[in-house]
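Report on the structure
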Amino acid sequence: MTSLPQHVYETHDTLTLARLLLGCELVHHSPEGVTAGIIVETEAYLWGDPACHAYRKKTVRNAAMFGPPGTLYVYQIYGMYHCLNVVTGPEGVGEAVLIRALEPTEGVALMGLRRGLDPTTKPGLRGLCSGPGKLVIALGIDRQLHNFSSLTTGPVSIRPSRPTNSDIITTTRIGITQGADLPYRFYFRGNGFVSKG
DNA sequence: GTTCCGATTATCT
DNA sequence: GATAATCGGAACT
């Protein structure tokens, strides 16, 4: 239950945290049970970065990004899915790390239930959390409940874990057109739970 | 006021 | 590989 202390979020910049969070375990203590997985893929969104939601101005949607580091930023994407971010950078500065994929460690059955996996066409453990929208569903993350939630005091937390692989690959980010050339995506080499690559 | 388009995914061909 | 599903900002008129 030893989760990352608040000062970890406060004393590292966004790009450092994007790499530091790899290998840590994202845990959600929900009423239905505990679900968790090791973070194996992240992306950084920085101040002044055209792909960052906080690039233009503070809105109702991106308000959580301007909160203190260690806050959750959950937003709806494509009108039907959600993405989970760890807010980074000083309060008032809109930066965050997008969690793109997890290697499931706890509550696998519950995750499968939430994903509505058909046993006959089950994608298996690998497809359970191998994408930002998928892991939000699998962990039971709800924007109403968890946007603005603190990773240090709330139901969703991050704790240090064994490094599944210390070999980190750096590439460009996925699914964006602005700032597409920036090397802000990080993932473990050879890890089968990464969304792509 | 209206149109366009995404930090995606499942389900086709 | 292509596309539908679906909605709130942003960028227009």
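Below you will find a few notes about this structure. Since the model is a prediction, treat every value here as computed from it, not as a measurement. (Residues numbered from 1 in each chain as written. Chains lettered and ligands numbered in written order. Predicted model: local features only at pLDDT ≥ 70, side-chain atom pairs only at ≥ 80, totals over all residues. Heavy atoms only, no water.)

1. Overview of the packing of aromatic side chains
Pairs of aromatic rings are described using the distance from one ring centre to the other and the angle between the two planes. The full count for this structure, using the stated rule, is two aromatic pairs. For the pair Trp47 and Phe66, a centre-to-centre distance of 6.3 Å together with 85° between the ring planes defines the contact as edge-to-face. Taken together, the residues Trp47 in the loop between strand S2 (33-45) and strand S3 (72-77) and Phe66 in the loop between S2 and S3 connect sequence positions 19 residues apart. Residue Trp47 is classed as partly exposed on the basis of its relative accessible area of 49%. Sitting over the ring of Phe193, Arg126 keeps its end group 5.9 Å from the ring centre. (Phe/Tyr/Trp six-rings, centres within 6.5 Å; stacked < 30°, edge-to-face > 60°. Helix = DSSP H or I, 4+ residues; strand = E, 2+ residues; numbered from the N terminus. Buried < 20%, exposed > 50% of the residue type's maximum accessible area, 1.4 Å probe, protein only. Lys NZ or Arg CZ within 6 Å of the ring centre and 35° of its normal.)

2. A short note on the protein's contact with DNA strand B
The local shell around DNA strand B holds 19 residues, among which Tyr75, Asn85, Arg115, Gly133 and Gly175 are the closest. A share of 54% is what sugar and phosphate atoms reach among the atoms of DNA strand B within 4 Å of the protein. Contact distances for DNA strand B include 2.8 Å between a phosphate oxygen and a backbone N or O atom of Gly133. Elements with a minimum of two residues in the surface near DNA strand B: strand S4 (81-87), strand S5 (96-106) and helix H4 (132-139). Of all the elements, H4 adds the most residues to the surface near DNA strand B, at three residues. The class makeup of the residues in the surface near DNA strand B is 10 nonpolar, six polar and three charged. (Near = heavy atom within 4 Å. Polar contact = N/O pair within 3.5 Å; in protein donor to acceptor, adjacent residues only side chain to side chain. Nonpolar A, V, L, I, M, F, W, Y, C, P; charged D, E, K, R; others polar.)

3. Considering the environment of Tyr9
As for its position among the elements, Tyr9 is in helix H1 (residues 6-10). For the pair Tyr9 and Ala36, spaced 27 residues apart in sequence, the C-alpha separation works out to 20 Å. Residues within four places of Tyr9 in sequence aside, it is in contact with Leu4, Leu17, Pro69, Gly70, Val86, Leu151 and Ile158. (Contact = heavy atoms within 4.5 Å.)

4. Concerning the layout of surface pockets
Picture a little ball the size of a water molecule; that probe, rolled over the atoms, points out where space is still empty. The space that makes up the largest pocket amounts to roughly 680 Å³. Lining of the largest pocket is provided by 28 residues; of these, Tyr75, Ile77, Tyr78, Cys83 and Ile174 occupy positions nearest its centre. Looking at the lining of the largest pocket, the elements that each hand over two or more residues are S2, S3, S4, S5 and H4. (1 Å grid on protein atoms, 1.4 Å probe; cavity = no way out; pocket = protein on both sides within 12 Å on 5 of 7 lines; lining within 4 Å. Points joined across faces, edges and corners; volume = space filled by probe spheres on them.)

5. So, the environment of Arg114
As for its placement among the helices and strands, Arg114 is situated in helix H3 (residues 108-115). Spatially, the C-alpha atoms of Arg114 and Lys134 are 9.8 Å apart, while their sequence positions differ by 20 residues. Apart from residues lying up to four places away in sequence, Arg114 is in contact with Ser30, Glu32, Thr35, Ile137, Ala138, Leu139 and Gly140.

6. Brief notes about H4
Counted residue by residue, H4 has six buried out of eight residues, so it is predominantly covered. Inspection of H4 places Pro132, Gly133, Leu135, Val136, Ala138 and Leu139 among the buried residues, and these make up the whole buried set. Considering only its buried residues, H4 is in contact with strand S1 (25-30), S2, S4, S5 and H3. Once H4 finishes, Gly140 follows within two positions and takes phi at roughly 75°, a positive value.

Function cannot be read off these values alone, since they describe shape.
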